[in-house]
Number of protein chains: 4
Amino acid sequence: MTGNTFGKLFKVTSCGESYGKALLTIVDGVPPGLELTNEMIQTELDKRKPGQSALDSPRKETDIVDIVSGMRDGFTTGAPVGMTVYNVDRQDIHVKQYRDVKEQIRPGHAEYTFFVKYGKYADWCGAGRASGRESLGRVAGGAVAKQILLKEGIEVLGYVSESHGIKMKPMTFEDIKKNYRKNHLNCPDLETAEKMIEDIIKVKKTGDTAGGIVEVIARGVPAGLGEPVFDKLRATIAHGIMSIGAITGVEFGAGFKAANVTGYEWNDEPYLENGKVRFRTNRSGGFLGGITNGENLIIRCAVKPTPTLSIQQKSIDMEKMEEKDLEAITRRDATLCPRMYPVCEAMVRMCIVDALMIARGYDNVNRIENPWRQI
Amino acid sequence: MTGNTFGKLFKVTSCGESYGKALLTIVDGVPPGLELTNEMIQTELDKRKPGQSALDSPRKETDIVDIVSGMRDGFTTGAPVGMTVYNVDRQDIHVKQYRDVKEQIRPGHAEYTFFVKYGKYADWCGAGRASGRESLGRVAGGAVAKQILLKEGIEVLGYVSESHGIKMKPMTFEDIKKNYRKNHLNCPDLETAEKMIEDIIKVKKTGDTAGGIVEVIARGVPAGLGEPVFDKLRATIAHGIMSIGAITGVEFGAGFKAANVTGYEWNDEPYLENGKVRFRTNRSGGFLGGITNGENLIIRCAVKPTPTLSIQQKSIDMEKMEEKDLEAITRRDATLCPRMYPVCEAMVRMCIVDALMIARGYDNVNRIENPWRQI
Amino acid sequence: MTGNTFGKLFKVTSCGESYGKALLTIVDGVPPGLELTNEMIQTELDKRKPGQSALDSPRKETDIVDIVSGMRDGFTTGAPVGMTVYNVDRQDIHVKQYRDVKEQIRPGHAEYTFFVKYGKYADWCGAGRASGRESLGRVAGGAVAKQILLKEGIEVLGYVSESHGIKMKPMTFEDIKKNYRKNHLNCPDLETAEKMIEDIIKVKKTGDTAGGIVEVIARGVPAGLGEPVFDKLRATIAHGIMSIGAITGVEFGAGFKAANVTGYEWNDEPYLENGKVRFRTNRSGGFLGGITNGENLIIRCAVKPTPTLSIQQKSIDMEKMEEKDLEAITRRDATLCPRMYPVCEAMVRMCIVDALMIARGYDNVNRIENPWRQI
Amino acid sequence: MTGNTFGKLFKVTSCGESYGKALLTIVDGVPPGLELTNEMIQTELDKRKPGQSALDSPRKETDIVDIVSGMRDGFTTGAPVGMTVYNVDRQDIHVKQYRDVKEQIRPGHAEYTFFVKYGKYADWCGAGRASGRESLGRVAGGAVAKQILLKEGIEVLGYVSESHGIKMKPMTFEDIKKNYRKNHLNCPDLETAEKMIEDIIKVKKTGDTAGGIVEVIARGVPAGLGEPVFDKLRATIAHGIMSIGAITGVEFGAGFKAANVTGYEWNDEPYLENGKVRFRTNRSGGFLGGITNGENLIIRCAVKPTPTLSIQQKSIDMEKMEEKDLEAITRRDATLCPRMYPVCEAMVRMCIVDALMIARGYDNVNRIENPWRQI
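### Brief notes about the overall build of chain A
From N to C terminus, chain A includes 9 helices and 20 strands. Over its C-alpha atoms chain A spans a radius of gyration of 21 Å, differing by no more than 12% from the 21 Å that the globule rule assigns to 375 residues. Its C-alpha atoms put chain A at 65 × 55 × 35 Å along the principal axes. Relative to its full complement of 375 residues, chain A shows a buried share of 68%. For chain A, the proportion of contacts with a sequence separation of at least 24, taken over those separated by at least 6, is 70%.

### Thoughts on the relation of the copies chain A and chain B
Mapping between the two copies of the chain is achieved by a rotation about an axis and a shift along the axis. With an RMSD of 0.0 Å, the fit of chain A onto chain B corresponds to turning through 180° and sliding 0.0 Å along the axis. The transformation just described matches what one would write down for a two-fold rotation axis. Within chain A, His 239 of chain A has its C-alpha nearest the rotation axis, a separation of 2.3 Å. Here 99% of the interface residues in chain A have copies in chain B that are interface residues too; the copies meet face to matching face.

### Side note on the packing of helix α1 (residues 38-48) of chain B against helix α4 (residues 135-151) of chain B
Residues and elements named next belong to chain B. Packing of α1 against α4 brings their axes to within 9 Å, and their N-to-C directions diverge by 140°. Taken together, the axes of α1 and α4 are oblique relative to one another. Our pair here, α1 against α4, has a crossing hand that is right-handed. Across the interface between the two elements, Met 40, Ile 41, Glu 44, Leu 45 and Arg 48 of α1 pack against Ser 135, Leu 136, Val 139, Ala 140, Gly 142, Ala 143, Lys 146 and Gln 147 of α4. A per-class count over the contact of α1 with α4 returns 7 nonpolar, 3 polar and 3 charged.

### Comments concerning the interface of chain A and chain B
For interface size, the figure often reported is the accessible area lost on association. Listed per partner, the contact involves 89 residues of chain A and 89 residues of chain B. If one sorts the elements of the side of chain A that touches chain B by residue count, helix α7 (residues 233-242) of chain A sits on top with 6 residues. The residue inventory of the side of chain A that touches chain B, partitioned by class, reads 42 nonpolar, 32 polar and 15 charged. Relative to strand β13 (residues 247-252) of chain B, strand β13 (residues 247-252) of chain A runs antiparallel, the two being bridged by 3 bridges. Counted as the bridge partner of Glu 251 of chain A is Gly 249 of chain B from β13 of chain B.

### Re the interface of chain B and chain D
Of the residues lining the interface, 14 residues belong to chain B; the matching set on chain D comes to 14 residues. Class assignment for the residues of the side of chain B that touches chain D results in 7 nonpolar, 5 polar and 2 charged.

### Quick look at the relation of the copies chain B and chain D
Under the fitted operation, chain B is carried onto chain D by 0.0 Å of movement along the axis and a turn of 180°, and the coordinates agree to an RMSD of 0.0 Å. The residues that chain B uses at the interface reappear at the interface of chain D in 100% of cases, marking a shared surface.

### Topic: the sheet that holds strand β10 (residues 212-219) of chain D
Pairing within the open sheet is antiparallel, and its 10 strands lie in the order β9(C)-β8(C)-β10(C)-β18(C)-β13(C)-β13(D)-β18(D)-β10(D)-β8(D)-β9(D). Every interior strand has two partners, whereas the edge strands, β9 (166-167) of chain C together with β9 (166-167) of chain D, have only one. Pairing analysis gives 7 bridges linking β10 of chain D to strand β18 (residues 297-303) of chain D, with the strands arranged antiparallel. Bridged to Ala 218 of chain D within β18 of chain D is Leu 297 of chain D.

### Description of the sheet that holds strand β4 (residues 65-67) of chain A
Residue and element names in this part refer to chain A. Taken in spatial order, the 5 strands make up an open sheet running β1-β2-β3-β7-β4, and their pairing is antiparallel. In the strand order of this sheet, the two ends are held by β1 (5-6) and β4, each with one partner. Summarising the sheet, strand β3 (residues 22-28) and strand β7 (residues 81-86) pair through 6 bridges and their orientation is antiparallel. When the bridges of β7 are listed, Leu 24 appears paired with Thr 84. Helix α1 (residues 38-48) contacts β4 and β7 of the sheet and is inclined by roughly 145° relative to β4. Together, β2 (11-15), β3, β4 and β7 form the strand contacts of helix α4 (residues 135-151), whose direction differs from that of β3 by roughly 35°.

### Things to note about α1 of chain A
Residue and element names in this part refer to chain A. Residues of α1 that are buried include every one of Ile 41, Glu 44, Leu 45, Lys 47 and Arg 48, and no others. One side of α1 holds all its buried residues, which, seen down the axis, span an arc of 145°. Taken together, the buried residues of α1 touch β4, β7, α4 and α9 (337-360).

### Some remarks on the nonpolar core
Counting 502 residues, the largest nonpolar core has Val 303 of chain A, Val 303 of chain B, Val 303 of chain C together with Val 303 of chain D as its most contacted members. Ignoring any residue separated from it by four or fewer positions in sequence, one finds Val 303 of chain D in contact with Ala 258 and Ala 259 of chain C together with Gly 211, Gly 212, Ile 213, Val 214, Ala 246, Ile 247, Leu 336, Cys 337 and Met 340 of chain D.

### Comments concerning the pairing of strand β13 (residues 247-252) of chain C
Residues and elements named next belong to chain C. Across the 6 residues that make up β13, a large majority, 6, are buried. As defined by bridge partners, β13 adjoins strand β18 (residues 297-303) across 5 bridges and the pair is classed as antiparallel. Within β18, the position partnered with Glu 251 by the bridge is Arg 300.

### Topic: the pairing of strand β8 (residues 155-163) of chain B
Residues and elements named next belong to chain B. With respect to burial, β8 is a largely interior element, 8 of its 9 residues being buried. Across 8 bridges, the pairing between β8 and strand β10 (residues 212-219) is antiparallel. Its bridge partner lying in β10, Val 156 is registered against Ala 218. Where β8 meets strand β9 (residues 166-167), 2 bridges bridge the pair, whose relative direction is antiparallel. Note that in β9 the partner of Glu 162 across the bridge is Lys 167. The hairpin turn running from β8 into β9, its antiparallel successor, is 2 residues long, and His 164 in that turn takes a positive phi close to 50°.

The rules behind the values
- Residues numbered from 1 in each chain as written.
- Chains lettered and ligands numbered in written order.
- Predicted model: local features only at pLDDT ≥ 70, side-chain atom pairs only at ≥ 80, totals over all residues.
- Helix = DSSP H or I, 4+ residues; strand = E, 2+ residues; numbered from the N terminus.
- Rg over C-alpha atoms; globule rule 2.2 N^0.38 Å.
- Buried ≥ 20, exposed ≤ 12 C-beta atoms within 10 Å, placed from the backbone.
- Contact = placed C-beta atoms within 7 Å.
- Least-squares fit on C-alpha atoms with pLDDT ≥ 70 in both.
- Axes fitted to C-alpha atoms, helices over the stretch in contact; angles between N-to-C directions.
- Parallel < 35°, antiparallel > 145°, perpendicular 65-115°, else oblique.
- Left-handed = near helix turned anticlockwise from the far one by under 90°.
- Nonpolar A, V, L, I, M, F, W, Y, C, P; charged D, E, K, R; others polar.
- Pairing = 2+ DSSP bridges.
- Arc of directions from axis to C-beta.
- Core = buried A, V, L, I, M, F, W, Y, C linked by C-beta atoms within 7 Å.

Structure follows, in structure tokens:
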């Protein structure tokens, strides 16, 4: 594989897999003078940590992050920020378990395509680099982006807006912000969330899993971000989101509803508010021509149900090239949604920082006082 | 703007705008020994040419393409292929018309964001680089990609699957291929297409426009394409599709339906067919872990209704910074769908060729006999 | 080939070859509000036009450039600037001449490697894309960069400092600027230039050609340009310069002299001049750690003698794979130096603009007044 | 900074500085099925480790590398290879020492440009990311590239060919290979090496340091590598070499000698040897048109004398903006050459692997047997 770096100026590179020794993340393009602590990164990583509730896989990982470069006296120096997370799950037990069934692909997982691409050397252990564990590097990178965005007054929130067909009610940014971290599903509509959770637990009991939708909303994004024609911010965000393992679709604002309506019903009407152009509706999700228009960004990401089931499934033994049933697997996430929202959040954050850096310049993002500057 | 190149090894760079002198496209990464003619490109460009039916804008453009480099004796040489298309629409009339209203942004169009980004120097004429005319370069690039794919036995078809809420029936690749060029809407379900067209003409009479869905299907794509983790083929296709002007969402296979179902209902069951792994269903749209799995690629693109309306709309005069109504505009596409399918097709083609080139190598795509080769 | 784009934010993409129909150049990353005319580009292209003196090839090309996109009312719009130059040399005569000897490689030319890479489809006509004609796109791109740099107060001059072992005397930037366009060799030391020219004409009479050195000096470059660790400005300039056909080495400041001296003899001593850090000497050529230090950039480029000789040379017929003498060729440059200095200039200009754009941001280079800006 | 990734398909990303906690290197684009051990990397890192002889800085670093990802059962999996090296030098002592003089720039070092670029947050400790310690990541990346090249039969050797004006005699690849690791200077001409070492020790005693030249020779490189026109292999190698801290110039083959000779004296004459095109001389250093021609690559890199001197130097206090003498510093390399040759080697290796991967494809470099492959 040769696609483990994301971004043009703000660049996140990661490595590490399900049962390797460690996951490393290098964030290049971090401006100097940014306060950054292990805790700031840890807070974000903890959001996607397994084993937090009955909805997640019971895998035990502490996910302790350590920033090992790019810092001096608590502030970034402009040098790339490197971070390590060591895997601690009992490899002795689990690697052996995976080794025993390493020839067998799991429906809905990437093993088949990895075998095709990397042959018998493909990492068969816990999905290797195709594991959800890979998303840890994304969240670590996004956590650095978050600190940059906070200084710009840009807030990005990810939350579960739909689960197995049950939808949250429409809510304002403020209400979402107030409530979105209050349940295991990270759904800000607290009442509906209870129904969702109940439903997921019911699904889980049948050995099955549930799909859903993660929504990301961003407030305070200035108008004018993104580079026409191919690198519009809408396009790079779609790239980032669709590169996440379990995502099956992405839409902006009212998205696919566009297919059912007329132009008069769709166009967002501009008006003036205190001398600034605003829009009465936000069907476009904060974009015009793919460039930000100053309204909230709204990105909706379809999350497929966890492919790992506690139900026997038909499958293939790749070594013998014969059909073979895959046994029910108990250790799994009942829904991926609560572990995906921080990943979607992270990708959107990286994209915004990158676009901001392209427009305003590396030296001008988090612009510090600098008596010697010449640029 | 600084995003007018698409692709990593197979790279399409374009320039040109609605009312500039010409549109240029440079395709880098074209392998040597490929037969290529102006006609091959023209065929594709003609698909998106305006003025083909009552559904399109009556703008008069001949869109005559001329290949000016990268060729010798009818075959590509390995050097980049350059193409020119000169604009021929009456600039004397239309530039003046646009100049008269240049301060006024049009709802749903990119003018506002272009003003914010490029100031008073933003090209106010016919949407400038944000015009649909820009997509001509995409189609020209995709036409080169098409010739490469044909030699690989890969076929990519774009068609309108839904218009203003009216959906075509499910069809096989073969049936789609047989019928998709038979009506102005490029919808392969001929009966439903008639209803769609009737409906669009009705909408048009009210001064309004209609949204829809363009579907792209690709057959013959080998398993194993795309680069984990950030440059999975699914991600680069999403990037390409969401960089097109009027697209508001993209989904793969059953896409957003994932949100309503369980893992058991979603997973595509693998089986063996003549010693090859196949899948009984294709909810994933031809991907596993974002990498192609050998099944048909299915990409669904939401197309918003044309924002230009023959209805008066509220808007803003950016010079005076005051609200001002925008007059009804008669010259416009009643639906963008029939002009968007070749663009979506083109982006998917470019992405497949690029992924193929990364995997197999520039020198091995369209691998010619070469007695002197050493690599 | 898949390397016809140069730069990260300020990106020049070109196509076209010795005997194709036209050469196209697309410059992406051009800021809005820049005055730009065909004449400004033409002035630069004319510097490298063949047939200007007895030192050059007598090939007849008018090299008329036409800007076809990215402009409105004489100013750039922020959209990519596209340029065309049509080849006008008598193709009927010359293509036939080349066809007659198309199997035969020419010593010192790229035909052999092109055959190896592109097989029998390699363009055999006048060196195809490996021809010096390719450099026209570089100069066109550099001409756009020049306009940006002039607004920043940055001047970049290229000139011939050495020819066939004859060296010009040391001169100040001011004196170089005053004199460097005064002779056909573009050597600012007017007396020595006469000797050089005399010598070249003598060499030419023997059927031979002469090598030399092109020096590029840049004044007004702010300190702090370039991105550690791999994209230091010194590194990207080396990349740009060494990508030019006939260059065999590049050094910065005193360059290779570093190998003969001690640290005490080499280090440039910093001092304060009106509160600003300056350096008493400039052995480093304007760099510290590969980043600009505010002193003049000095780049020295070794130019090999034109490989085309009016002397019979031993060579190979690639078709028959047998040794075969290559006849003397009369139409050729006696020295490449006077046609290379604008190309070296151009590459340095592009690199500086790109680094400036990365540091300061696309939206902040040639920053125009913009009441609507939000970034 | 935003330039810490090198390469297009084979990509090395690194972070870490002189006195950070650790240096991380992520190598993306590693093909599956490559045997790789910590020892293989360690062998290369040990070449550039400080404190190996009287010629180097006495800094104590063990430079123990640990591969933490991209492996399964001793073979690469296709996933990116991550490596850690923890700094062990006594930070308690040295950070304090640097803190005491942190406002003072050192002549010939990058501090000044880092202050200008990163302001007061620039890492003042031991040159931070501008330290030679950064090169450790390059060597780690190059060590992975080396394993790929060995399987291709490509050997790359770096050695010191000149020191403080004393030049080694011309030697064959075989003789260089036999002798180049036999002395602390890594100069294969053993007799001359003794003189060089004697000279350096004499220079060192005066508190001074010596410059020199590192030569890199590569054997077995197939013809046809590199991508015209901007990414010729010669250009990417120049980029890589000139991105190394102390390099002041780079030339290929006879390089700058081109300036003194005629075309007849310069052109390498092609001939046939067992049906294969060869060249009687190698003045071009293995390139034609910037593309490899099948002969040995020869790259010569000018290395400036260590800027750190045990002699008092004039300098600047950046805080007070006043001139201030810099005290003599005892802990330093008497010459950088013996620590630079592995770095130059590494950059050349990366460039060759990258070019090979672009030409032949990621999936075809170290092509393993793979029954499931479809590409």
